[in-house]
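Residues per chain are reported as follows:
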Amino acid sequence: MKKIMIVLIAMSIATGAVAQTKAEIMVNNGGVESLRGSAELDVTRSADKHKRVLKDREPLQRNYVHQPPIIPHQVRGYKVNLNVNKCLSCHGWKYARETGATKISPTHFETREGMTLSDVSPRRYFCQQCHVPQVDGRPLVENDFKAVDSLSQYK
Ligand code: HEC
Ligand code: HEC
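Fair warning: this is a prediction, and the values are worked out from it, not measured in the lab.

### Observations regarding the coordination of the iron atom of ligand 1
Item 1. The iron atom of ligand 1 binds to the protein through H73 (NE2) and H91 (NE2), with metal-donor distances spanning 1.9 to 2.0 Å.
Item 2. Between the 6 donor atoms coordinating the iron atom of ligand 1, the angles at the centre fall across 87 to 179 degrees, so the site counts as octahedral. Taken together, the residues H73 in the loop between α1 (2–24) and α2 (88–91) and H91 in helix α2 connect sequence positions 18 residues apart.
Item 3. Note on H91: relative accessible area 24%, which makes it partly exposed.

### Structural notes on the site of ligand 2
Item 1. In the region of ligand 2, 22 residues are neighbours, and S105, H108, C127, C130 and H131 sit closest.
Item 2. At 2.8 Å, a side-chain N or O of R62 approaches an oxygen atom of ligand 2.
Item 3. Here the shell around ligand 2 is composed, by residue class, of 9 nonpolar, 9 polar and 4 charged.

### Remarks on the site of ligand 1
Item 1. Taken together, 21 residues form the shell around ligand 1, and within it R62, H73, C87, C90 and H91 come nearest.
Item 2. One nitrogen or oxygen atom from the side chain of R62 is found 2.9 Å from an oxygen atom belonging to ligand 1.
Item 3. Between H73 and ligand 1, the recorded distance is 2.8 Å, taken from a side-chain N or O atom to a nitrogen atom.
Item 4. Tallied by class, the residues present in the shell around ligand 1 amount to 11 nonpolar, 7 polar and 3 charged.

### Some details on the pattern of salt bridges
Between side chains of opposite charge, a pair can form when the charged atoms approach closely.
Item 1. Taken as a whole, this structure holds 1 salt bridge when the rule is applied.
Item 2. A salt bridge links D48 to R45, with the shortest nitrogen-to-oxygen separation between them at 3.4 Å.
Item 3. Judged by its relative accessible area of 32%, R45 is partly exposed.

### Comments concerning unusual backbone geometry
Item 1. The phi torsion at H66 lies on the positive side, around 75 degrees, for a residue other than glycine.
Item 2. Relative to the helices and strands, H66 is located in the loop between α1 and α2.
Item 3. The exposed category is assigned to H66, whose relative accessible area is 76%.

### A look at the environment of W93
Item 1. With respect to the helices and strands, the residue W93 is situated in helix α3 (residues 93–99).
Item 2. Overall, W93 belongs to the partly exposed group, its relative accessible area being 45%.
Item 3. For the pair W93 and D119, spaced 26 residues apart in sequence, the C-alpha separation works out to 9.7 Å.
Item 4. Not counting chain neighbours up to four residues away, the residues in contact with W93 comprise K103, I104, P106 and F109.
Item 5. At 2.6 Å, the side chain of W93 and the backbone oxygen of I104 are in polar contact.

Cut-offs and rules
Along every chain, residues carry numbers that run from 1 in the direction the sequence is written. Think of it this way: whatever chain is written first is A, whatever ligand is written first is 1, and the rest follow in order. Predicted model: local features are reported for residues with pLDDT of at least 70 only, side-chain atom pairs are reported and counted for 80 or more only, and whole-chain, interface and lining totals are derived from all residues. As a rule here, side-chain values come from all non-hydrogen atoms in the structure, and water together with hydrogens is ignored. Water is not among the atoms examined, so metal sites may look incomplete; donors are the N, O and S atoms within 2.8 Å of the metal, or within 3.2 Å for Na, K and Ca. Geometry assignment treats four donors as tetrahedral when all angles are between 85 and 135 degrees, treats four as square planar and six as octahedral when opposite donors are over 155 degrees apart and all others between 65 and 115, and treats everything else as irregular. Helix and strand labels come from DSSP, where a helix needs a run of H or I of at least four residues and a strand needs a run of E of at least two; each type is numbered from the N terminus. Relative accessibility under 20% of the residue-type maximum defines a buried residue, over 50% an exposed one, and the middle range a partly exposed one, all with a 1.4 Å probe and only protein chains included. The rule for a residue being near a molecule or strand is that one of its heavy atoms must lie within 4 Å of it. The term polar contact refers here to a pair of N or O atoms within 3.5 Å; inside protein, the definition further demands a hydrogen-donor-capable atom paired with an acceptor-capable atom, and it admits residues adjacent in sequence only when both atoms are side-chain atoms. Residues are sorted three ways: Asp, Glu, Lys and Arg are charged, Ala, Val, Leu, Ile, Met, Phe, Trp, Tyr, Cys and Pro are nonpolar, and all the rest, Gly among them, are polar. Definition used for salt bridges: Asp or Glu carboxyl oxygen within 4 Å of a side-chain nitrogen of Lys or Arg. A contact between two residues is defined here by any heavy atoms of the two lying within 4.5 Å.

Here's what the structure looks like:
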């Protein structure tokens, strides 16, 4: 019994020591690189350069049904917050006709339970959660994916 107690005490001291060294090295990234590079966790690194996005152009082809279409224009400085939604000032049904923007589709008015609201649903308010502009980058891996014929309405 006594032996077991001693072993247990020794073990708890050992784990305590490990926990302490872990706490000390918490801010060390251990050489791991992530999307934010290899900066230490407690260091504020300088911001990335703006990504190069495609110039304004025609809507891009959709690749599958229910794909959120890719944004075919610049969006720098377009604010979406509690007070304003720049996207809706063109894509909202009220303004779409005069701005020539595609109207948001009826799904954007639906709640999770399938109820249709009289205005854009909160879950579709932050447009860029789903819609993104595209960078003119080289594909990281080869990809010969082709959209089904019925969707190839745009070039
Ligand atoms: C100044 C008006 C304006 C604003 C603001 C604007 N858009 Fe657009 N958007 C357009 C127009 C016009 C088109 C259609 C382009 C065309 O047909 O040539 C378009 C196209 C799109 C499309 C492609 C639709 C499709 O059928 O493929 C998406 C997605 C989109 N915009 C999302 C957004 C998002 C998200 C924002 C906010 C970050 C935004 N837009 C802000 C005018 C605007
Ligand atoms: C949760 C994801 C999500 C969010 C948030 C969202 N959308 Fe969409 N959007 C989609 C999907 C998916 C489609 C294509 C299928 C559909 O219409 O639901 C779409 C389609 C569209 C289209 C094309 C409509 C058409 O008739 O072809 C426009 C324009 C658009 N969205 C604009 C917006 C704008 C502006 C916002 C912000 C107010 C927004 N979306 C927020 C997912 C989203």
